[in-house]
Amino acid sequence: MSGQTVPADFSGHMLDLDEDDDLEVFSKNPSLAGGGPMPNSPSSMVNQYRLEEEEEQQEANARDLFITVDDPESHVTAVETFVMYRVATKTTRSQFDSSEYEVHRRYQDFLWLRSKLEENHPTLIVHPLPEKFVMKGMVERFNNDFIETRRRALQRFLSKVSLHPVLSHSHHLEVFLTAQDLLPYKKQGPGFLSRLGETVRAVASSVRGLKSRPEEFSLMQEYVEDFSIKISSVDKVTQRIIKEQREYLDELKQYNPTYAQWAESEGELAEPLNGVASCVERCSKETDEQIQHLSSVLVPALHDYVLCAETLKAVMRRRDNIQAQFEAKNEALGSRRTDLETLQDEVDSLADRVELANNALKGDWTRWQDGMRADLKSAFLSTAEKNVEYYEQCLAVWESFLLSQRVEPGEQRDGEDAS
């Protein structure tokens, strides 16, 4: 790749702070930021981004399709256990017969919708759903924390689809949002095993048959591979940090009663020992809140884009497969002497498919990158704000303890004789 000019859309690398304008806020050194004035405090930096959030909210007010996933309810049958979610829709779009709808959907229904969106738009980037089963190290399946984590993920999926300029107008999305019974629609079209077989054949064909991928898509492929490695690494490290913080919190909870018990047998040290015990208890609560914030804000954002990386790879393979089919037909056209007219029609049709697929992916690529950067930037800023709050609260706890133990000049402790 040396000597090639990389288009702006593909040059950014996740977490390469010196190359990504979206993340330049993290450059704390004024000399690295052009020597401009730095915010006076962390809170002033946060206020700056709250203004940006208000601008984004104003843009959101112009939307005409709002979808909410809430009210999860567990169902237990003789065959299975599953959770139903209420999906409420408000819209002003003319394609809908009403302005409000309310249906109940289970996870399998979301899978159906996503598969239909991919089937009808193979080179558009459809936001991923959470995995079928809970991730290793996460909470037990079907407890309240897991259900809430999944509800939020399903909400993000529908929010992404509702904002998409093409997918949000899909007939299958309209059916998903409005039909009380999805079963008749699920029976239409090829079955899951048939689609799976087609996917396997498509991937194998693209690997064997593609001769030359256009440079812009090769650059996309390189970006996706690089992004996948980095986001997966950050996701794993973040989950390891949370695990270590939970272990630290467990130690703090054992630390506190030890000081309290010690104070009972040390009369002269009772006050400072109880003070330390109180500080440890308060810091434990702050640590617990920080862990909850990381688990509910940063980890879901990172893991969403771990799954997005796999989605992007699948989209790239589908695009390559369409091109491989075109190349194979075009090659056959040059070697055959009969049925040329029929074959030419097939080649022309595939050429149109290649062009449509390429244009769809190029347009969606920029939109996806903008959304990804906005989502991760928001998660990073929220985490930074929470970290500042956490350390300031813990600092204030210990400073208060030190002040309570300070002996002013001329004051005497109990039991000390005047000099």
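Given the structure is predicted, the values throughout are model-derived calculations rather than measurements.

**Q** Explanation requested: the sheet that holds strand β2 (residues 81–91) in the structure shown.
**A** Paired through backbone hydrogen bonds, the strands of a sheet run either parallel or antiparallel to each other. The strand order β1-β2-β3 describes an open sheet built from three strands, whose pairing is antiparallel. Looking at which strands have only one partner, the edges of the open sheet turn out to be β1 (65–76) and β3 (100–106). Between one strand axis and the next, the sheet turns by 20° as a mean value, whatever way the strands run. The pairing of β1 with β2 spans 10 bridges and is classified as antiparallel. Residue Asp 70 lies in a different strand from β2, and its bridge partner there is Arg 86. On top of the sheet, helix α3 (residues 107–120) reaches β1, β2 and β3; it is set at about 105° to β3, its chief contact.

**Q** What should I look at first to understand a negative patch on the surface in this one?
**A** A grouping of Glu 341, Asp 345, Asp 348, Asp 352 and Glu 355 is seen on the molecular surface, where their side chains present a negatively charged patch. For Asp 348, the position within the fold is in helix α10 (residues 340–405). Here Asp 348 falls in the partly exposed class, since its relative accessible area comes to 38%.

**Q** Help me understand the packing of aromatic side chains, please; the structure alone is not making it clear to me.
**A** Aromatic rings considered in pairs are described by the distance between their centres and by the relative angle of their planes. What the rule picks out here adds up to 11 aromatic pairs. For the ring pair Tyr 223 and Phe 227, a centre distance of 6.2 Å and an interplane angle of 10° mean the geometry is stacked. Of this pair, Tyr 223 and Phe 227 both sit in helix α8 (residues 215–265), separated by four residues, roughly a single helical turn. As far as the burial class goes, Tyr 223 and Phe 227 line up, both buried. Following the ring pairs from residue to residue traces out a cluster consisting of Tyr 223, Phe 227, Tyr 305, Trp 365 and Trp 368. In this structure, Arg 106 packs its charged tip against the face of Phe 82, placed 4.0 Å from the ring centre. If you follow Arg 150 out to its NZ or CZ, it ends over the ring of Tyr 107, 4.1 Å from the centre.

**Q** Sorry if this is basic, but what is going on with the environment of Val 347 here?
**A** Secondary-structure assignment places Val 347 in helix α10. Excluding anything up to four places from it in sequence, Val 347 contacts Phe 326, Lys 329, Asn 330 and Leu 333.

**Q** Even after reading the chapter, I still don't get the packing of α3 against helix α5 (residues 171–178), so can you show me in this structure?
**A** The relative placement of two packed helices comes down to the angle between their axes together with the axis-to-axis distance. Interaxial distance between α3 and α5 falls to 9 Å at its minimum, and their mutual angle equals 165°. In terms of orientation, α3 lies roughly antiparallel with respect to α5. Seen along the crossing, α3 lies across α5 with a hand that is right-handed. Within the contact between the two elements, α3 uses Asp 109, Phe 110, Trp 112, Leu 113, Lys 116 and Asn 120 and α5 uses His 172, Leu 173, Val 175 and Phe 176. A breakdown of the residues in the contact of α3 with α5 according to their chemical character gives six nonpolar, two polar and two charged.

**Q** Looking at this structure, I do not really get α3. What am I missing?
**A** Residues that lie three or four places apart on an α-helix share one face, since the helix turns once every 3.6 residues. End to end, α3 covers 20 Å across 14 residues, agreeing with the expected 20 Å (1.5 Å per residue, within 8%). Among all positions in α3, only Tyr 107, Asp 109, Phe 110, Trp 112, Leu 113, Arg 114, Ser 115, Lys 116, Leu 117 and Glu 118 are buried.

**Q** Before we go on, may I ask you to explain unusual backbone geometry in this structure?
**A** Generally, phi is negative for residues other than glycine and the peptide bonds are trans, each holding for most cases. The phi angle at Asp 71 is positive, at roughly 50°, despite the residue not being glycine. Within the fold, Asp 71 resides in strand β1. With a relative accessible area of 46%, Asp 71 lands in the partly exposed category.

**Q** It is not clear to me how the state of the cysteines should be interpreted in this structure. Could you clarify?
**A** If you walk through the whole model with that rule in mind, you get zero disulfides. Free of any disulfide, Cys 394 has its nearest cysteine sulfur in Cys 283, 3.8 Å distant. The buried category is assigned to Cys 394, whose relative accessible area is 11%.

**Q** I tried to follow the environment of Lys 386 on my own but got confused; where do I start?
**A** As for its placement among the helices and strands, Lys 386 is situated in helix α10. For Lys 386, a relative accessible area of 12% corresponds to the buried category. If we skip the residues at most four places from it in the chain, Lys 386 touches Glu 289, Gln 290 and His 293.

What counts as what
- Residues numbered from 1 in each chain as written.
- Predicted model: local features only at pLDDT ≥ 70, side-chain atom pairs only at ≥ 80, totals over all residues.
- Heavy atoms only, no water.
- Pairing = 2+ DSSP bridges.
- Helix = DSSP H or I, 4+ residues; strand = E, 2+ residues; numbered from the N terminus.
- Axes fitted to C-alpha atoms, helices over the stretch in contact; angles between N-to-C directions.
- Contact = heavy atoms within 4.5 Å.
- Patch = residues over 30% accessible without salt bridge, like charges linked within 9 Å, V, L, I, M, F, W, Y side chains within 5 Å.
- Areas by Shrake-Rupley, 256 points an atom, 1.4 Å probe, with all protein chains shown as cover.
- Salt bridge = Lys/Arg side-chain N within 4 Å of Asp/Glu carboxyl O.
- Lys, Arg positive; Asp, Glu negative; His and termini not counted.
- Charge placed at Lys NZ, Arg CZ, Asp CG, Glu CD.
- Buried < 20%, exposed > 50% of the residue type's maximum accessible area, 1.4 Å probe, protein only.
- Phe/Tyr/Trp six-rings, centres within 6.5 Å; stacked < 30°, edge-to-face > 60°.
- Lys NZ or Arg CZ within 6 Å of the ring centre and 35° of its normal.
- Parallel < 35°, antiparallel > 145°, perpendicular 65-115°, else oblique.
- Left-handed = near helix turned anticlockwise from the far one by under 90°.
- Nonpolar A, V, L, I, M, F, W, Y, C, P; charged D, E, K, R; others polar.
- Expected span 1.5 Å × (residues − 1).
- Disulfide = S-S within 2.5 Å.

Remember, this is a structural readout, not a statement about activity or role.
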